[in-house]
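Listed here are the chains, written in short residue letters.
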Amino acid sequence: MSDANPIDLLFGGMEKLGPGSNRDTLKVLDMLPQTVHGVIVDAGCGAGRHTLALAKRLQTLVHAVDSYEPFLDSLAQRAKEAGIEHLIQTHCMDMVNIPSILREIDLLWSEGAAYNIGFPHALRTWHAALKPGGFAVVSELSWLRNNAPDAVLQFFKSGYPDMHSADENRIVAEDAGYNVLAMHTLPREAWIKGYYDILEPRAKALLDHPDESVRAFAAETIEEIRIFGCSEDSYGYVFYVVQKA
Ligand SMILES: C[S@@+](CC[C@H](N)C(=O)[O-])C[C@H]1O[C@@H](n2cnc3c(N)ncnc32)[C@H](O)[C@@H]1O
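Residues numbered from 1 in each chain as written. Predicted model: local features only at pLDDT ≥ 70, side-chain atom pairs only at ≥ 80, totals over all residues. Heavy atoms only, no water.

Things to note about the pairing of strand β5 (residues 130-143)
Put simply, side chains in a regular strand alternate between the two faces of the sheet.
Thought 1: Burial analysis of β5 places 11 of its 14 residues in the buried class, the great majority of the element.
Thought 2: Taken together, the 5 bridges between strand β4 (residues 105-110) and β5 define a ladder with parallel strand orientation. Paired with I105 across the strands is L130, a residue of β5.
Thought 3: In this fold, β4 hands off to helix α6 (residues 119-127), which returns the chain to β5; that crossover is right-handed.
Thought 4: As paired strands, β5 and strand β8 (residues 235-244) are joined by 9 bridges and run antiparallel to one another. (Buried < 20%, exposed > 50% of the residue type's maximum accessible area, 1.4 Å probe, protein only. Helix = DSSP H or I, 4+ residues; strand = E, 2+ residues; numbered from the N terminus. Pairing = 2+ DSSP bridges. Right-handed = clockwise from strand over helix to strand, strands pointing away.)

Spelled out as structure tokens, the structure:
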């Protein structure tokens, strides 16, 4: 862990690197019309909270893709501790390159990570790597109603200008060549427990860090959490459960 790497300082050792919970992961997995085996890929897996949940439930090898090696190391360590290292294969790579490395995918999972390459781009890119009739489960930050508080609108105007409504994202998925089977919105609790409740005190403690980039990252995180607190459920993480058409 580096002394001045904002990512390591804020997220180091955390199991959840984004909102989510195993309860929601497994609930969404159960929304698939059949149990999936075969080639399973988790794109942008981070430290792999959901990767481990999927592997344990399906008892199938999961290919865990992330571009940040320390997160994959942490996942490998957790898999070992859980006695399921044989079910996890890590790949340190850009998830945009999945189709050139992993093919004939039965299930492509991605929680809180697709935005890094753009939700529409991710869906179009991964389509090529899925088997005919293969499934994708991709979560994306989405507007849940169209009258968000001003502070929230202002924050996302610069923070995530590409955020769309859940209905718009459904159309994006259809246009990318999928049938949308189900959608699920993460409950508020999944943002707080094990995520914001750990990040907030860490970020506050980093506000007087000697490195300017660390202080700035900490301040952004505190602002993100403040905005969540006054969001009035105007946005949320929506899982799109889709099947290659
Ligand atoms: C917000 S974190 C979510 C991690 C994890 N899915 C979770 O919910 O705990 C986003 C993850 O995407 C990874 N990431 C960002 N850009 C990526 C890319 N182009 N290819 C692969 N992974 C990427 C980051 O390293 C990070 O682990």
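Here we look at the site of the ligand
Thought 1: Within the structure, the ligand sits among 20 residues, and G44, H50, D66, M95 and E111 are positioned closest to it.
Thought 2: One nitrogen or oxygen atom from the side chain of D66 is found 2.6 Å from an oxygen atom belonging to the ligand.
Thought 3: The side chain of D94 places a nitrogen or oxygen atom 3.0 Å from a nitrogen atom of the ligand.
Thought 4: Burial of the ligand by the protein chains amounts to 88% of its free accessible area of 590 Å².
Thought 5: Grouping the amino acids of the shell around the ligand by side-chain chemistry returns 9 nonpolar, 7 polar and 4 charged. (Near = heavy atom within 4 Å. Polar contact = N/O pair within 3.5 Å; in protein donor to acceptor, adjacent residues only side chain to side chain. Areas by Shrake-Rupley, 256 points an atom, 1.4 Å probe, with all protein chains shown as cover. Nonpolar A, V, L, I, M, F, W, Y, C, P; charged D, E, K, R; others polar.)

Concerning unusual backbone geometry
Thought 1: At Q59, a position not held by glycine, the phi torsion is positive, near 50°.
Thought 2: Since its relative accessible area comes to 52%, Q59 is described here as exposed.
Thought 3: A positive phi angle, close to 55°, is found at E104, a residue other than glycine.
Thought 4: Accessibility expressed as a relative area gives 47% for E104, which makes it partly exposed.

Describing the pattern of salt bridges
Thought 1: A full pass over the atoms with the stated rule returns 8 salt bridges.
Thought 2: Residues E200 and K204 are paired through a salt bridge, measuring 3.6 Å at the closest nitrogen-oxygen approach. Here the residue E200 and the residue K204 both occupy positions in helix α9 (residues 189-205), the gap between them amounting to 4 residues, near one helical turn. (Salt bridge = Lys/Arg side-chain N within 4 Å of Asp/Glu carboxyl O.)

Here we look at the packing of helix α7 (residues 150-159) against helix α10 (residues 212-229)
Thought 1: Axis separation between α7 and α10 bottoms out at 9 Å; the angle between their running directions is 145°. In this structure, the crossing between α7 and α10 has a hand that is left-handed. For the pair α7 and α10, the contacting residues are A151, V152, F155 and F156 in the first and E223, E224 and I227 in the second.
Thought 2: Here the contact of α7 with α10 is built from residues that sort into 5 nonpolar, no polar and 2 charged. (Axes fitted to C-alpha atoms, helices over the stretch in contact; angles between N-to-C directions. Left-handed = near helix turned anticlockwise from the far one by under 90°. Contact = heavy atoms within 4.5 Å.)

Quick word on the side chain of S142
Thought 1: Positionally, S142 belongs in strand β5.
Thought 2: For S142, a relative accessible area of 0% gives the class buried.
Thought 3: Looking at S142, its side chain comes within polar contact range of the side chain of N169, at 3.2 Å.
Thought 4: Excluding its chain neighbours within four sequence positions, the residues that come into contact with S142 are M163, H164, S165, A166, N169, S234, Y235, G236, V238 and Y240.

Focus: the nonpolar core
Thought 1: By size, the foremost hydrophobic cluster in this structure holds 53 residues, and its most contacted members are L107, F156 and Y235.
Thought 2: Discounting chain neighbours no more than four positions away, the residues touching F156 are L141, W143, P161, M163, I227 and Y235.
Thought 3: Formed by 28 residues, the second largest nonpolar core is a distinct cluster that contains I98, A113, A136 and A173. (Core = buried A, V, L, I, M, F, W, Y, C linked by side-chain atoms within 4.5 Å.)

Considerations on the environment of H209
Thought 1: Tracing the sequence through the fold places H209 in the loop between α9 and α10.
Thought 2: Taking the relative accessible area as the measure of exposure, H209 reaches 15% and is therefore buried.
Thought 3: Taking C-alpha positions, H209 is 25 Å from S74, a pair spaced 135 residues apart along the chain.

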